[in-house]
Amino acid sequence: MTRAFTVGGAYGFIIASLHADGSLADINLIMAKQGSTLRGMTETVSSAISTGLAHGVPLTTYVRQFADLRFEPAGMTDDPEIPRALSIIDYVVRRLALDFLPVEDRTALGVLTPLERAELAAGSAPAPPASSNTPESPRFAPFDIPVQVSY
């Protein structure tokens, strides 16, 4: 499953693999600028996250650690559910949270869409989205590829 994104003018891709139950197995972050320091950093972070996920570290741990991490590039995104990001890593963990965590966990982590924030401010609990399969915000689509984990 692949999702293209832009944060502060930097263009990249999140490639996610799922377990048979639909949970996140691993991720690969690729920045469009070949050979850049930023590309190397994002590939290293994605490798670390994938290794942790393979060893049972929950996604909520990564969201708690990396959400609000601030470094350049930062700024406006092309994602209506996450209009601004403090860094590429901030954007990626928030996007993964929106795609793979239930609304209760995301509320506790403070990772909500603008619509969910408005509902919370109005006094009602955010309802899980009926579907996020709009052209503006494509969701990951599961596919059947077995994931092998070796220790």
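Scroll up to find the structure this text is about.
Anyway, here's the lowdown on the structure attached to this text. Quick caveat: nothing in here was measured; it's all calculated off a predicted structure.

Cut-off values and rules
Residues numbered from 1 in each chain as written. Predicted model: local features only at pLDDT ≥ 70, side-chain atom pairs only at ≥ 80, totals over all residues. Heavy atoms only, no water. Buried < 20%, exposed > 50% of the residue type's maximum accessible area, 1.4 Å probe, protein only. Helix = DSSP H or I, 4+ residues; strand = E, 2+ residues; numbered from the N terminus. Pairing = 2+ DSSP bridges. Salt bridge = Lys/Arg side-chain N within 4 Å of Asp/Glu carboxyl O.

## Here we look at the pairing of strand β1 (residues 2–7)
Side-chain direction in a regular strand flips from residue to residue, so the side chains alternate between the two faces of the sheet. Burial of the side chains of β1 is restricted to one face: R3, F5 and V7 are buried, whereas none of T2, A4 and T6 on the reverse face is. Bridge count for β1 against strand β2 (residues 10–18) is six bridges, and the pairing is antiparallel. The residue of β2 that forms the bridge with T2 is I15. Count of turn residues in the β1/β2 antiparallel hairpin: two residues, of which G8 carries a positive phi of about 55°.

## Focus: the pattern of salt bridges
Counted under the stated rule, the structure contains eight salt bridges. Its salt-bridge partner being R39, residue E43 comes within 3.0 Å of it at the nearest N-O pair. With a gap of four residues between them, E43 and R39 both fall in helix α1 (residues 37–54), about one helical turn apart. Judged by relative accessible area, which is 32%, E43 ranks as partly exposed.

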